[in-house]
Amino acid sequence: MGRTGYLQHQCVKLKKGFLGFLRRQKPENELFSAKFINAIRRINIKMDLIVSINGPMWFNTFDSIFQILFAVVTLIIAAFSYKAYKLMQERKYKYFCAGFFMMSAGFFVISLSNLLIYMGVYDGIVTRLGGLNLANLLYVLHIFLMLLGYMLLLVIAMRLQQRRLIALLFAFIILFTAFSYQYYLKFHVISLMLLAFMAWQFYDNYKEKKGLNSGLVFSSFYMLAFAELFFLAMVFMPLLYVVGHAMQLLGFGLLLAMFMRVESLTKEKKRR
Amino acid sequence: MAERRNRLEIIYDILKSIQDKRNMMIKPTHLLYKSNLSHDGMKRYIDELKAGNMIAETEDPKTKNKMFTLTEKGCKFLEEFNKVKAFTDSFGI
């Protein structure tokens, strides 16, 4: 049974126990109200935690490690983009840097969120914070950062100039983050759309430049978009969550390969 | 018609022209042709690059002609520019 299935099973047990408890109680029992409220709170807390973690139990911690790796790769790309901005002094490189930095921050946040659950820290935190659920808060923050990052990259890659159009796109992201209920599904559907359009744009660049580096970038974003499909299909089969992460690892690996080729470019010229 | 070059691209073209020459030394006339600038324009850039210590004026030991050569800083600039160009071309930005 996957992690989501395990927690759902726990909730079903809790609900059955609660119903059994209700049947045994008499309405005039003075402790009834207090126990009822506590039982509801426990169910709510358990239900909320389901939103934050996915996939099979054995993949615990591995997804956090993968996410840290993705965060490091995107941070490296962001740092180089900043270097490009310092040299060229063009704003688009600054926004490009910001896009990758947002993605890096998003990956760090979700990795932290998952690690806190796996290490069992969350139970204590949820109790201390009362109604505030830190797990969901970090998950929503992750969604917001990732979508913002994708948007920035898309705006730069597609060379969007109209400020109103850019403002509209950002407004959609903020509205989605603030007023959604099926976070997981909608996040991955929107990510799939954004990454697919980016992959399309980078494919056009590859057709024009016909270089290995542009090919690596196109392939990377193609893999990242494909990974989103597996994350969506995870609902039917938890193992696909692992496949999605593997595709993301491949995607970011290709991006890192492109970066290393760029870095080694000058060393090759020197040797000649 | 080709896009108009920005300032940085012009500097890159000048430095690259010098780097591509034997011993990284070039005559002013050759540099004028390679950089595709007017005489006044080239003079402005040369003065800027000399002030920035990216190029240096020297003499050909055989012909005693005035030559321009690339400094260490100029070489480093070319390196960095090439990397950034390759990176941005990969994304098409």
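These numbers come from a predicted model, not from an experiment. (Residues numbered from 1 in each chain as written. Chains lettered and ligands numbered in written order. Predicted model: local features only at pLDDT ≥ 70, side-chain atom pairs only at ≥ 80, totals over all residues.)

**Side note on the overall build of chain B**
Scanning chain B from N- to C-terminus turns up four helices and three strands. The N-to-C order of helical and strand elements in chain B reads α-β-α-α-β-β-α. Counting every position in chain B, which comprises 93 residues, the buried fraction comes to 25%. (Helix = DSSP H or I, 4+ residues; strand = E, 2+ residues; numbered from the N terminus. Buried ≥ 20, exposed ≤ 12 C-beta atoms within 10 Å, placed from the backbone.)

**What to know about the overall build of chain A**
Counting its regular elements, chain A contains ten helices and zero strands. Start at the N end of chain A and walk to the C end: the helices and strands fall as α-α-α-α-α-α-α-α-α-α. Expressed as a percentage of its 272 residues, the buried residues of chain A come to 37%. In chain A, 75% of the contacts between residues at least 6 apart in sequence involve partners at least 24 apart. (Contact = placed C-beta atoms within 7 Å.)

**Digging into helix 9 (residues 212-233) of chain A**
A rise of 1.5 Å per residue sets the reference length of helix 9 of chain A, with its 22 residues, at 32 Å; its end C-alpha atoms lie 32 Å apart and thus fit the reference within 8%. Of all 22 residues in helix 9 of chain A, 16 are buried, a share of seventy percent or more. (Expected span 1.5 Å × (residues − 1).)

**Structural notes on the interface of chain A and chain B**
The parts lose accessible area when they come together, and the size of an interface is often stated as this lost area. Every contact between the two is made by 20 residues of chain A and, on the other side, 15 residues of chain B. Put simply, the parts of the chain that give the side of chain A that touches chain B at least two residues each are helix 3 (62-88), helix 4 (91-118), helix 6 (134-157), helix 8 (183-209), helix 9 and helix 10 (239-271) of chain A. Residue classes in the side of chain A that touches chain B are distributed as twelve nonpolar, four polar and four charged. (Nonpolar A, V, L, I, M, F, W, Y, C, P; charged D, E, K, R; others polar.)

**Considering the sheet that holds strand 1 (residues 25-26) of chain B**
The strands making up a sheet are joined through hydrogen bonds of the backbone, oriented either antiparallel or parallel. All names here are of chain B. Spatially, three strands are ordered 1-3-2 in an open sheet, and the strand pairing comes out antiparallel. The sheet terminates laterally at strand 1 and strand 2 (55-59), the two strands that pair on one side only. Strand direction decides the pairing type here: strand 2 and strand 3 (residues 66-70), joined by five bridges, are antiparallel. Note on strand 3: the bridge partner recorded for Thr58 is Met67. (Pairing = 2+ DSSP bridges.)

**Here's the deal with the pairing of strand 3 of chain B**
Taken together, the two bridges between strand 1 of chain B and strand 3 of chain B define a ladder with antiparallel strand orientation. Bridge pairing links Ile26 of chain B to Phe68 of chain B in strand 3 of chain B.

**Observations regarding unusual backbone geometry**
Residue and element names in this part refer to chain B. Not every positive phi belongs to a glycine, and Asn23 is a case in point at roughly 60°. Phi at Asn36 takes a positive value of approximately 60°, unusual for a residue other than glycine. Its place among the elements puts Asn36 in the loop between helix 2 (28-35) and helix 3 (39-51). Judged by the 13 C-beta atoms lying within 10 Å of it, Asn36 falls in the partly exposed class.

**Comments concerning the packing of helix 3 of chain A against helix 4 of chain A**
Residues and elements named next belong to chain A. Running from N to C, helix 3 and helix 4 point in directions that differ by 160°, and their axes come no closer than 7 Å. With respect to each other, helix 3 and helix 4 are oriented roughly antiparallel. You can see that helix 3 and helix 4 cross each other, and the crossing is left-handed. Here the contact of helix 3 with helix 4 is built from residues that sort into 20 nonpolar, seven polar and two charged. (Axes fitted to C-alpha atoms, helices over the stretch in contact; angles between N-to-C directions. Parallel < 35°, antiparallel > 145°, perpendicular 65-115°, else oblique. Left-handed = near helix turned anticlockwise from the far one by under 90°.)

**What to know about the confidence of the model for chain B**
Taken residue by residue, chain B gives an average pLDDT of 88. The fraction at 70 or more is 97%. Of the two predicted TM-score estimates for the complex, the pTM is 0.78 and the ipTM is 0.82. (pLDDT = per-residue confidence, 0-100.)

**Regarding the environment of Gly55 of chain A**
All names here are of chain A. Inspection of the secondary structure assignment puts Gly55 in the loop between helix 2 (32-52) and helix 3. Overall, the presence of 23 C-beta atoms within 10 Å leaves Gly55 in the buried class. With 179 residues separating them along the chain, Gly55 and Met234 place their C-alpha atoms 7.2 Å apart.

**Examining the environment of Leu240 of chain A**
All names here are of chain A. With respect to the element layout, Leu240 can be found in helix 10. Residue class for Leu240 comes out partly exposed when judged on the 19 C-beta atoms lying within 10 Å of it. Placed ten residues apart in sequence, Leu240 and Phe230 show a C-alpha to C-alpha distance of 5.5 Å. When residues no more than four places from it in sequence are discounted, the contact partners of Leu240 are Phe230, Ala233 and Met234.

**What about the packing of helix 8 of chain A against helix 9 of chain A?**
All names here are of chain A. Relative to each other, helix 8 and helix 9 sit at 160°, their axes nearing to 8 Å. Taken together, the axes of helix 8 and helix 9 lie roughly antiparallel to each other. Considering how the two elements wind past one another, helix 8 and helix 9 form a crossing that is left-handed. Grouping the constituent residues of the contact of helix 8 with helix 9 by class yields 19 nonpolar, five polar and two charged.

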